[in-house]
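Each chain, letter by letter, is given below.
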Amino acid sequence: MTELSCQGLQKAFGGLVVTDDLALSVASGEIHALIGPNGAGKTTALAQLSGELRPDAGTVWLDGADITDLSLPQRVHAGVARSYQISSVFRDFTARENVELALQAMDRHSFRFFRPAARNAKRIERAEALLDQVGLGEEATVSAQRLSHGQTRQLEIAMAMASDPQVLLLDEPMAGMAPDEATRLAELIRSLAEAVAVLLVEHDMDVVFSVADRISVLHQGSLIASGDPDQIRADPDVHRLYLRDDVES
Amino acid sequence: MSDPQTATASPTRTGLRFGLWARGPSRWHVALTVVFLALLSVAPLWVEASGRGYLVTVLTRVVIFGLAAMSLDFVMGYGGMVSLGHATFLGAGAYTAGALTYHSLDGSRLLGIPGTDQALVTWPLATVVGALLGLVIGGLSLRTKGVYFIMATLAFNQMIYFLFNALEIYGGDDGVGLFAARRAIGPIDASDDMVFYYVCFAVLVVFTVILNLVVRAPFGRVVRGCRSNMARMAALGYQTYRYRLAAFALSAAITSLAGAMAVTESQFLSPSFAEWTESGELLIMVIVGGLGSLIGGVIGAGALFLLEELSIDITDNWQFFVGIGLLAIVLGAPRGLTGTLLGGRRSHD
Ligand SMILES: Nc1ncnc2c1ncn2[C@@H]1O[C@H](COP(=O)(O)OP(=O)(O)OP(=O)(O)O)[C@@H](O)[C@H]1O
Ligand SMILES: [Mg+2]
């Protein structure tokens, strides 16, 4: 049982407070959705949990250990992986090489100078299994820049999963996906969540309310509500500020 | 599956443990490398047979500066680190080998150790000095990004250049001739230009093989990944700084070796090895030859020296014609000579 949590997170860009006294937690076996209008600070919150951004104040814990001072790569090795809202894959690598590179990051080090990387049959097999899992098995040897938008999103997930993380931070994984692709990805995330803690930032409310165990609503950097989907549906503040007509109660 | 990449994953033939001669998508690149090295292996015999024996030393310089350009291409074309300061390492190698040679002629000592003109000592030592200097300069420069990185490498280049200029013992800005020195490489007496050429050519072949292995190895993949998307590499868990620094130091070491070879070739030590225009010239070789292809650095060196040689024959204003020639290449072959020859095929796995 793994738990990622934070308390008192604070982040401002100049005068703009983007994260305001944020407390969150996500444990293995659950999907915790973080929702909120554009600019609410969701991506910024993820970045502080993943280690990309240093909070101005506050603490991040992984299983009770303070990881606030760990860098991004260190947190990956500790078991926290993330995907990006704007796809950020290696365009001049093939799909499989992208995943291989993500797998290789889990080696103790990559100061290996002579044996060709393309000869690591075990790693290639593992990469292909991950691609299969996200539905990209057929595209393994396609250059990443030739993948469709939806396929690039799937590749993002495969790369995030490559580190065999305990905690997955997913930033709008379904953005721009075709509905059937999105449905399949939602099922995949659901199945991953059996063993992994998933913090899911997502705008698609149908997806959020169908897969999330818990939902937190962010507004101008602070949480205005947190609870199970039924509680959030019924919350008047949430309705007023965010949901409006998106979800009928 | 029948695609070539899967095929390379499970080698069935023996002797394919190292993937250099693979059947993967880079086989055209490997073929081009082999063809060009084969040409270089017979070129001096050909120029001598055609009564232009004086060109052997030009070919030697193609090989030596081609080696430096190739190692610059490794950091630039694969690592995305544009260095306008690689003459720093050329100079460091030249001064390491040149100073040792100078003191052996002079009978004096350098920091308490006797000098030597034995290349088996001076060249490896120059390589080590280059690696250490690369760690220091790279270590500081890599803390900056983009155009600031370029400026940092250039700034270090200038510092080293003025340092060499101030070394009165080696003739200051005039430099010093080392013509009385032997060109000994182990038991080989390489005072003959033809012999020396083949020694240099052998070194080039060795490092062509090494660098081609490195760019395909796990280390090379990380370096290439850093060029492509450094932030993402960190998000995958890579400590990107270490890998980029190691790549930079490796490149510096090889460039420094080339500098030592160059001073043994010319038997004249001067700060001009470390002049920043020399950095620019290496950059031109890489770009003309084709970024991210390794052998392109050597091809670029060949093109540049050939243009120089041809223009000097024709006119005193040869630099003008070299410029026009370079312009023609860059306009006619925007991906460099290798890029055009390979038609955009990948030069690694
Ligand atoms: N590096 C930065 N410098 C300055 N301002 C920033 C920076 N990053 C984000 N912001 C601002 O912080 C606010 C929150 O941004 P963030 O990207 O976290 O929002 P979000 O909830 O992810 O929005 P979206 O739903 O559009 O992805 C926005 O107003 C944004 O303009
Ligand atoms: Mg966002």
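What you are looking at is a predicted structure, and each value in this text was computed from that prediction instead of being measured.

1. A closer look at the overall build of chain B
Alright, step 1. What chain B contains, in helices and strands, is 14 helices and six strands.
Alright, step 2. Over its C-alpha atoms chain B spans a radius of gyration of 20 Å, differing by no more than 12% from the 20 Å that the globule rule assigns to 349 residues.
Alright, step 3. Once the C-alpha set of chain B is aligned to its principal axes, its extents read approximately 65 × 50 × 45 Å.
Alright, step 4. Across the 349 residues in chain B, those meeting the buried criterion constitute 58%.
Alright, step 5. Summarising the internal contacts of chain B: among those between residues at least 6 apart in sequence, 77% fall at separations of at least 24.
Alright, step 6. Computing the positive centroid from 21 side-chain charges and the negative centroid from 20, chain B places the two 23 Å apart.

2. Regarding helix H12 (residues 295–314) of chain B
In an α-helix, one full turn covers 3.6 residues, which means residues spaced three or four apart are oriented alike.
Alright, step 1. The first and last C-alpha atoms of H12 of chain B sit 29 Å apart over 20 residues, in line with the 28 Å expected at 1.5 Å per residue.
Alright, step 2. Along H12 of chain B, 14 of the 20 residues are buried, which leaves the element largely enclosed by surrounding structure.

3. Topic: the packing of aromatic side chains
Alright, step 1. Under the counting rule described, the total for this entry stands at 19 aromatic pairs over all chains.
Alright, step 2. On the numbers, 3.9 Å between centres and 5° between planes, the contact of Tyr95 of chain B with Phe164 of chain B is stacked. Linking Tyr95 of chain B in helix H4 (residues 87–106) with Phe164 of chain B in helix H6 (residues 146–165), this pair joins segments that are 69 residues apart in sequence. Each member of the pair, Tyr95 of chain B as well as Phe164 of chain B, is classed as buried.
Alright, step 3. Arg82 of chain A extends its terminal NZ or CZ atom over the ring of Tyr84 of chain A, reaching a point 4.2 Å from the ring centre.
Alright, step 4. If you follow Arg183 of chain B out to its NZ or CZ, it ends over the ring of Phe196 of chain B, 4.3 Å from the centre.

4. Side note on the interface of chain A and chain B
Alright, step 1. Across the contact, 39 residues belong to chain A and 40 residues belong to chain B.
Alright, step 2. Regarding the contact of chain A and chain B, the summed buried area is about 3600 Å², with carbon and sulfur atoms giving 56% of it.
Alright, step 3. For Arg221 of chain B, the salt bridge identified is with Glu100 of chain A, shortest N-O distance 2.6 Å.
Alright, step 4. At the surface where chain A touches chain B, the tally comes to 14 residue pairs in polar contact (both at pLDDT 80 or more).
Alright, step 5. Residue contributions to the side of chain A that touches chain B peak at six residues, all from helix H3 (residues 95–104) of chain A.
Alright, step 6. Taken together, the residues that form the side of chain A that touches chain B break down as 20 nonpolar, eight polar and 11 charged.

5. So, the site of ligand 1
All names here are of chain A.
Alright, step 1. Surveying the vicinity of ligand 1 reveals 13 residues, the closest of which are Asn38, Lys42, Thr43, Thr44 and Gln85.
Alright, step 2. One of the side-chain nitrogen or oxygen atoms of Thr44 is found 2.5 Å away from an oxygen atom of ligand 1.
Alright, step 3. When isolated, ligand 1 has an accessible area of 640 Å², and the protein chains bury 61% of it.
Alright, step 4. For the shell around ligand 1, the elements supplying multiple residues, two or more each, are strand S2 (16–27) and helix H1 (42–50).
Alright, step 5. In terms of residue count, the dominant contributor to the shell around ligand 1 is H1 (three residues).
Alright, step 6. Residues belonging to the shell around ligand 1 are distributed by class as follows: four nonpolar, seven polar and two charged.

6. Observations concerning the side chain of Thr44 of chain A
All names here are of chain A.
Alright, step 1. When you line up the elements, Thr44 lands in helix H1.
Alright, step 2. The buried category is assigned to Thr44, whose relative accessible area is 13%.
Alright, step 3. If we skip the residues at most four places from it in the chain, Thr44 touches Lys11, Phe13, Val18, Thr19 and Leu53.

7. Some points on the coordination of the magnesium ion (ligand 2)
Between any two of four tetrahedral donors, the ideal angle at the metal is 109.5 degrees; between two of six octahedral donors, it is 90 or 180 degrees.
Alright, step 1. For the magnesium ion (ligand 2), the full set of protein donor atoms is Thr43 of chain A (OG1) and Gln85 of chain A (OE1), at a range of 1.9 to 2.2 Å. With Thr43 of chain A in helix H1 and Gln85 of chain A in the loop between strand S6 (80–82) and H3, this pair connects stretches of sequence that are 42 residues apart.

8. Thoughts on the pattern of salt bridges
Alright, step 1. Applying the stated criterion across every chain, the model contains 16 salt bridges over all chains.
Alright, step 2. Between Arg183 of chain B and Asp193 of chain B there is a salt bridge; the shortest N-O distance is 3.1 Å. With a gap of 10 residues between them, Arg183 of chain B in the loop between strand S3 (176–177) and strand S4 (184–185) and Asp193 of chain B in helix H7 (residues 193–216) connect regions that are remote in the sequence.
Alright, step 3. One connected set of salt bridges, linked through shared partners, spans Arg96, Glu97, Glu100 and Glu128 of chain A together with Arg221 of chain B.

9. Brief notes about the confidence of the model for chain B
Close inspection of predicted coordinates is inappropriate for parts of the model with low pLDDT.
Residue and element names in this part refer to chain B.
Alright, step 1. Confidence in the prediction for chain B averages 89 pLDDT; 93% of positions are at 70 or higher.
Alright, step 2. Here residues 1–23 scores under 50 on pLDDT; set against residues more than four positions off or in separate chains, the count is 48 contacts.
Alright, step 3. In the predicted complex, the global pTM is 0.90; the interface-specific ipTM is 0.89.

10. A short note on the sheet that holds strand S9 (residues 214–219) of chain A
Residues and elements named next belong to chain A.
Alright, step 1. Pairing in this open sheet of six strands is mixed, and the strands run S6-S7-S8-S3-S9-S10 from one edge to the other. Looking along the sheet, the strands with just one partner apiece sit at the ends: S6 and strand S10 (222–227). Sheet twist, expressed as the average angle between the axes of neighbouring strands with direction ignored, equals 20°.
Alright, step 2. Running over the sheet, H1 touches strand S3 (31–35), S6, strand S7 (167–171), strand S8 (197–201) and S9 and is turned about 155° from S7.

Cut-offs and rules
- Residues numbered from 1 in each chain as written.
- Chains lettered and ligands numbered in written order.
- Predicted model: local features only at pLDDT ≥ 70, side-chain atom pairs only at ≥ 80, totals over all residues.
- Heavy atoms only, no water.
- Helix = DSSP H or I, 4+ residues; strand = E, 2+ residues; numbered from the N terminus.
- Rg over C-alpha atoms; globule rule 2.2 N^0.38 Å.
- Buried < 20%, exposed > 50% of the residue type's maximum accessible area, 1.4 Å probe, protein only.
- Contact = heavy atoms within 4.5 Å.
- Lys, Arg positive; Asp, Glu negative; His and termini not counted.
- Charge placed at Lys NZ, Arg CZ, Asp CG, Glu CD.
- Expected span 1.5 Å × (residues − 1).
- Phe/Tyr/Trp six-rings, centres within 6.5 Å; stacked < 30°, edge-to-face > 60°.
- Lys NZ or Arg CZ within 6 Å of the ring centre and 35° of its normal.
- Buried area = accessible area lost by both parts, 1.4 Å probe.
- Salt bridge = Lys/Arg side-chain N within 4 Å of Asp/Glu carboxyl O.
- Polar contact = N/O pair within 3.5 Å; in protein donor to acceptor, adjacent residues only side chain to side chain.
- Nonpolar A, V, L, I, M, F, W, Y, C, P; charged D, E, K, R; others polar.
- Near = heavy atom within 4 Å.
- Areas by Shrake-Rupley, 256 points an atom, 1.4 Å probe, with all protein chains shown as cover.
- Donors = N, O, S within 2.8 Å, 3.2 Å for Na, K, Ca; no water.
- pLDDT = per-residue confidence, 0-100.
- Pairing = 2+ DSSP bridges.
- Axes fitted to C-alpha atoms, helices over the stretch in contact; angles between N-to-C directions.

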